[in-house]
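Examining the three-dimensional arrangement
What follows is the residue order along each chain.
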Amino acid sequence: MLQFEQTEKYYGNHLALRISTMKLSDGLYWLKGENGSGKTTMMKMVAGLHPFKGDILLDGRSIKKERNDFLLYVNYGEAEPVYPSFLTAKDLVELYCTTKNAAIADSIQRLKDLHIYDAYNYAIGSYSSGMLKKLSIVLAFIGDPKWILLDEPLITIDVAAVVLVCEWINKMRTEKGISFIISSHQSFQESLPFSSIIEVQNQTASIQSL
Amino acid sequence: MKIIAKILQSVLVNHFYKLNAGFFIFLFFALFGVVRGGQLIEFHLGLIQAILSGPLFLLIIICIWGLYTIKCINYITKRMMEPGLSFLTCLNRLPKKQVWAWMSFVHFEVYLPVLAYVAVIISVAIKAHQYQQAVLIIVSNLLFFIGAVSIYFKTLQAHSTATFLSNIRIPSLPFKKQYFLFPFYFIWAERKWMFLLTKLFTLVYLYGFIQFYEPYRYDIRPVLLSFLLIITAHSTLIYQIRDFENENLLFSRNLPIGILKRFFQCIGLYLVLLTPELLFIWKGYPLHFNLLDFSQIFLMVLSIPAFLHAILYTSIMNGDEYMKMVFAFIAVLFFLILYDLGILLFVFVLIFAFVFFYFHIYEFERANTVNTSEG
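Just so we're clear, the structure is a prediction, and the values are computed from it rather than from any experiment. (Residues numbered from 1 in each chain as written. Chains lettered and ligands numbered in written order. Predicted model: local features only at pLDDT ≥ 70, side-chain atom pairs only at ≥ 80, totals over all residues. Heavy atoms only, no water.)

**Regarding the overall build of chain B**
Scanning chain B from N- to C-terminus turns up 16 helices and zero strands. Against the compact-globule benchmark of 21 Å for 375 residues, chain B has a radius of gyration of 22 Å, which places it among compact chains. Principal-axis analysis of the C-alpha atoms places the extent of chain B at approximately 60 × 55 × 40 Å. Scored against the burial criterion, the 375 residues of chain B give a buried share of 52%. Considering only contacts within chain B whose residues lie at least 6 apart along the sequence, 84% involve residues at least 24 apart. (Helix = DSSP H or I, 4+ residues; strand = E, 2+ residues; numbered from the N terminus. Rg over C-alpha atoms; globule rule 2.2 N^0.38 Å. Buried < 20%, exposed > 50% of the residue type's maximum accessible area, 1.4 Å probe, protein only. Contact = heavy atoms within 4.5 Å.)

Structure follows, in structure tokens:
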């Protein structure tokens with residue numbers, strides 16, 4: 001379970017997001033909201049990228065007090081991933097696998113399935129935005145997470161890749177019980193059987209059933 | 001016309017000096033701070049005479065001016081290509097001679113530290129009737145100047161840096177990329193001229209210190225003060241490393257890496273960065289330091305850069321604030337080293353560095369966009 005406790009995120013003096021209490025039991029969540037409503041901010045808070053007030057707990061583990069344990073089980077794929085341009089996909093896959101205690105072979109297979117393995121040893125600076133997005137999705141699946149947060153995962157990539165990524169999500173949900181929070185302006189309900197919606201509106205978030 | 005000068009001064013020249021403040025502080029102390037006040041003129045006259053009388057020495061100095069020119073070119077061309085400065089292309093509407101003149105104005109301002117010293121060297125050469133050397137110095141600097149201005153001019157006209165930058169290739173590092181060395185790879189890939197010039201000046205300084213400074217009794221403090229200068233010269237690189245972390249390594253906050261491990265990785269990075277100086281100083285063993293005191297030098301090289309790195313996690317710290325902080329911190333350390341506190345001083349600096357690191361690393365959030373041009 002992912003639990004928000006008195007979380008507040010400010011940019012300067014501007015309140016971006018306030019979630020007094022919210023409990024997310026395991027499931028497949030569709031994170032909805034207008035542009036600038038705070039969807040990415042919420043994901044980045046859970047992923048440990050943004051500082052904030054309050055706390056977020058994963059099965060009782062606090063991101064503030066047990067950060068390592070928390071992040072071992074929370075993976076994140078950014079909407080617009082940024083990596084050093086001189087690194088290769090190999091460098092990043094090795095880094096993620098080392099820190100998340102995972103085997104490299106699984107990621108290599110995913111890269112092959114998404115048809116970007118040919119560029120495994122190329123500098124990321126030479127990647128197209130679609131290739132970069134595919135790589136970030138593969139990185140988000142590394143290890144043995146309990147939650148995977150995907151920010152607009154299905155934009156930029158080609159149709160075949162969208163189908164494949166949806167298959168991965170469904171498989172990991174049903175076979176491994178991994179929970180997902182997926183932000184998207186499109187529903188994809190025919191491909192992804194969302195259990196609930198997290199609506200971000202007026203600087204706060206609430207759970208709504210479908 | 002005044003407005004053009006004001007804009008060029010503000011967006012190109014002032015930014016160059018701000019970005020390289022650490023480098024210039026180092027140069028200033030290396031040239032004017034290490035000699036006693038009464039001997040300053042004699043020291044510089046001796047240095048200039050050595051430059052003028054030895055062809056090899058003169059050649060080395062000309063090469064250093066050439067490298068400084070490359071540094072200026074690299075900075076100005078990259079800076080002009082930044083999206084925020086694309087408005088500078090409106091200068092192309094002016095007659096070409098005027099554009100050339102404005103580019104000369106820019107280069108004159110960034111090349112001024114060299115020109116000032118060159119003027120003194122030339123007047124000494126003429127006074128000593130060493131006309132051949134004077135002509136060589138004038139011609140080489142004139143060529144550097146014209147070359148730089150023509151590259152600025154072409155960059156502005158074509159709105160592309162490809163003409164200059166594509167001609168200079170430095171090989172990439174052939175080692176496996178360890179996470180803690182990602183910033184070092186960034187420096188090598190994106191800030192190579194800043195890095196190479198910093199290394200050149202610090203190693204030349206160390207060479208001069210070892211060769212020419214003869215202590216009348218054993219004292220570790222001159223070596224420590226020299227390393228204080230060397231670390232100051234690296235302060236701009238440290239700023240660039242933190243900037244790179246904010247821009248390109250944000251994703252790594254999601255990785256389960258412990259805070260202590262991250263701190264050791266930070267220390268390891270600066271150990272690698274300053275390894276050339278740590279190895280080179282052994283030329284001065286045992287005259288300038290003994291084995292026991294090397295531990296002080298070693299700890300200093302780890303602790304001060306780690307501290308400068310860590311204070312850049314405080315959210316109020318921008319480029320200007322950072323340089324003020326560096327200057328104040330170095331000034332305090334200067335006196336504490338003179339007071340001879342021994343290794344304890346650097347143990348405390350390391351502890352402070354860790355405290356800053358521990359409390360701020362995950363609380364830091366970039367408030368506004370900081371420029372990342374190479375200087």
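**Observations regarding the sheet that holds strand β4 (residues 53-58) of chain A**
Residue and element names in this part refer to chain A. What the four strands build is an open sheet, ordered β2-β1-β4-β5; its pairing is antiparallel. Looking at which strands have only one partner, the edges of the open sheet turn out to be β2 (14-24) and β5 (61-62). One ladder, built from five bridges, connects strand β1 (residues 2-11) with β4; its direction is antiparallel. Counted as the bridge partner of F4 is I56 from β4. Its contacts with the sheet place helix α1 (residues 39-46) against β1, β2 and β4, and it is angled at close to 120° to β1. (Pairing = 2+ DSSP bridges. Axes fitted to C-alpha atoms, helices over the stretch in contact; angles between N-to-C directions.)

**As for the nonpolar core**
Across soluble globular proteins, nonpolar side chains have a tendency to be buried as a group. Core analysis: the largest hydrophobic core is formed by 175 residues, its most contacted members being F180(A), F227(B), I304(B) and L308(B). Top element by residues in this core is helix α5 (residues 96-127) of chain B. It accounts for 13 residues. In terms of domain composition, this core takes at least three residues from each of domain 1 (2-165) and domain 2 (179-360) of chain B. The residues contacting F180(A), other than those within four sequence positions of it, are G27(A), L28(A), Y29(A), F141(A), W147(A), I148(A), L150(A), I169(A), M172(A) and R173(A). L2(A), I56(A), F70(A) and L71(A) belong to the second largest nonpolar core, which has 28 residues in total. (Core = buried A, V, L, I, M, F, W, Y, C linked by side-chain atoms within 4.5 Å. Domains from an automatic or database assignment.)

**Details of the packing of aromatic side chains**
The full count for this structure, using the stated rule, is 44 aromatic pairs over all chains. Judged by centre distance (5.1 Å) and plane angle (55°), the ring pair of F16(B) and Y75(B) falls under tilted. Of this pair, F16(B) sits in helix α1 (residues 2-19) while Y75(B) sits in helix α4 (residues 55-80), and the two are 59 residues apart along the sequence. Residue class for Y75(B) comes out buried when judged on its relative accessible area of 0%. Ring centres 5.8 Å apart and planes at 90° place the aromatic pair F184(B) and F195(B) in the edge-to-face group. In this pair, F184(B) is assigned in helix α8 (residues 182-190) and F195(B) in helix α9 (residues 192-212), connecting sequence segments eleven residues apart. Three or more aromatic residues link up through ring pairs in this structure, and these residues are F16(B), Y17(B), F23(B), F24(B), Y68(B), Y75(B), Y111(B) and F201(B). A cation over a ring is seen here: R67(A) above Y362(B), with NZ or CZ 3.4 Å from the ring centre. The side chain of K146(A) reaches across the aromatic face of Y73(A), ending 4.9 Å from its centre. (Phe/Tyr/Trp six-rings, centres within 6.5 Å; stacked < 30°, edge-to-face > 60°. Lys NZ or Arg CZ within 6 Å of the ring centre and 35° of its normal.)

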